[in-house]
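Okay, here's what each chain looks like letter by letter:
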Amino acid sequence: MADVDLDQAGDLLVSQIRRVGRGGPVTVVAHSMGGTVLTRAAEQAPESVAHAVYLSGLMPASDVPALACLRMPENAGALVQSCVRADPAAIGALRLDLVSGDAAYRRQLLDALYGDVDRAVAEAAFGLLTPDAPIGIVCGTTTLTRDGWGSVPRTYITCARDMAVRPALQRKFISDATVAFPDNPTAVAALDSSHSPFLSMPGQVADLVAELG
């Protein structure tokens, strides 16, 4: 994981988009940290992205690392950062202890990622996660241009009860993008959900994406 960076992640997503789209543009939905990768891919290959959809995703401004966004005052109260184990700089990853026997720690992770998800479903979701997220992805930056990312239609789906990417930070992403590219403002849709609405209200998420696509 320590060797994985935003350049690699962006290149991989572009190749996946082109394979799925078979040469045509597709709607891409990115959640959480995946938003940073979508931003890079859309800047690299705007012709391949018909619509960029950020589902409570990280959508940093030009040349701003996602990690800096997570530390902004607008993200005060987020629960994930204090759950990180080990030194990210030393291991090259943001590490969560997904099998911790500490009930309080596990409860905090549940609240951070799956606050409104049925407990059995949330516990099953833990089993699908990997403990390490490459720090190189959130430390990387993308220079946004008018002909690149700034030209791609985009929608931000806010999650009002998100304890990982706080609502104030979501609003900042939207505002900053619209200020930077006023000719292509960010459309907004809203869900009254925690960080993972695809598990707590999958039908509503699917309907929103279908409307956008």
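Please refer to the structure higher up on the page.
Here the structure is a predicted model, which is why all the values come from computation and not from measurement. (Residues numbered from 1 in each chain as written. Predicted model: local features only at pLDDT ≥ 70, side-chain atom pairs only at ≥ 80, totals over all residues. Heavy atoms only, no water.)

**Structural notes on the packing of helix α5 (residues 103-114) against helix α6 (residues 119-126)**
Convention followed: Where helices are involved, their axes are fitted lines through C-alpha atoms of the stretch in contact, as for all axes, and angles between N-to-C directions lie from 0 to 180°. A run of H or I in DSSP becomes a helix once it reaches four residues, and a run of E becomes a strand once it reaches two; helices and strands are each numbered from the N terminus. Small angles under 35 degrees read as roughly parallel and large ones over 145 as roughly antiparallel, with 65 to 115 read as roughly perpendicular and the rest as oblique. Here, two residues are considered to be in contact whenever any of their heavy atoms come within 4.5 Å of each other. Three residue categories are used. Nonpolar comprises Ala, Val, Leu, Ile, Met, Phe, Trp, Tyr, Cys and Pro, charged comprises Asp, Glu, Lys and Arg, and polar comprises the others, including Gly.
Look at α5 against α6: their axes get within 11 Å of each other, and the N-to-C directions meet at 95 degrees. Overall, the two elements α5 and α6 adopt an arrangement that is roughly perpendicular. Here Arg-106, Arg-107, Leu-109, Leu-110, Leu-113 and Tyr-114 of α5 lie close against α6, whose contacting residues are Arg-119, Ala-122, Glu-123, Ala-125 and Phe-126. Its residues placed into classes, the contact of α5 with α6 shows seven nonpolar, no polar and four charged.

**Brief notes about the sheet that holds strand β5 (residues 132-134)**
Stated precisely, the cut-off is as follows: When DSSP finds at least two bridges between two strands, those strands are taken to pair.
Spatially, three strands are ordered β3-β4-β5 in an open sheet, and the strand pairing comes out antiparallel. In this open sheet, the two edge strands, each paired with only one partner strand, are β3 (84-85) and β5. Sheet analysis places β3 next to strand β4 (residues 93-96), joined by two bridges and oriented antiparallel. Paired with Val-84 across the strands is Leu-96, a residue of β4.

**Brief notes about empty space enclosed by the protein**
This is how the line gets drawn: Cavities and pockets were defined on a 1 Å grid built from protein atoms only: a cavity is a group of points that admits a 1.4 Å probe but offers it no way out, a pocket is an open group of points flanked by protein on both sides within 12 Å along at least five of seven lines, and a lining residue is one with an atom within 4 Å of any such point. Grid points are joined across faces, edges and corners, and a volume is the space filled by probe spheres set on the points.
A complete count under the given rule lists one cavity of 30 Å³ or more for this structure. Forming the walls of the largest cavity are Leu-6, Thr-36, Thr-39, Arg-40, Pro-60, Ala-61, Val-64, Gly-140, Thr-141, Thr-142 and Leu-144. Residue classes in the lining of the largest cavity are distributed as five nonpolar, five polar and one charged.

**Comments concerning the nonpolar core**
Basically, it comes down to this: Only buried Ala, Val, Leu, Ile, Met, Phe, Trp, Tyr and Cys residues count toward a nonpolar core, and they belong to the same one when joined by side-chain atoms within 4.5 Å. For every residue, the accessible area obtained with a 1.4 Å probe (protein chains only) is divided by the maximum for its type, and the residue is called buried under 20%, exposed over 50%, and partly exposed between those limits.
Membership of the largest hydrophobic core comes to 37 residues, with the highest contact counts inside it found for Trp-149 and Phe-173. Mapped onto this core, the elements with two or more residues apiece are α1 (6-21), β1 (26-31), α2 (34-44), β2 (49-55), α3 (66-70), α7 (135-139) and α8 (167-180). Here the element with the most residues in this core is α1; it accounts for five residues. Apart from the residues within four sequence positions on either side, Phe-173 is in contact with Gly-57, Leu-58, Met-59, Pro-60, Cys-69, Tyr-156 and Val-165.

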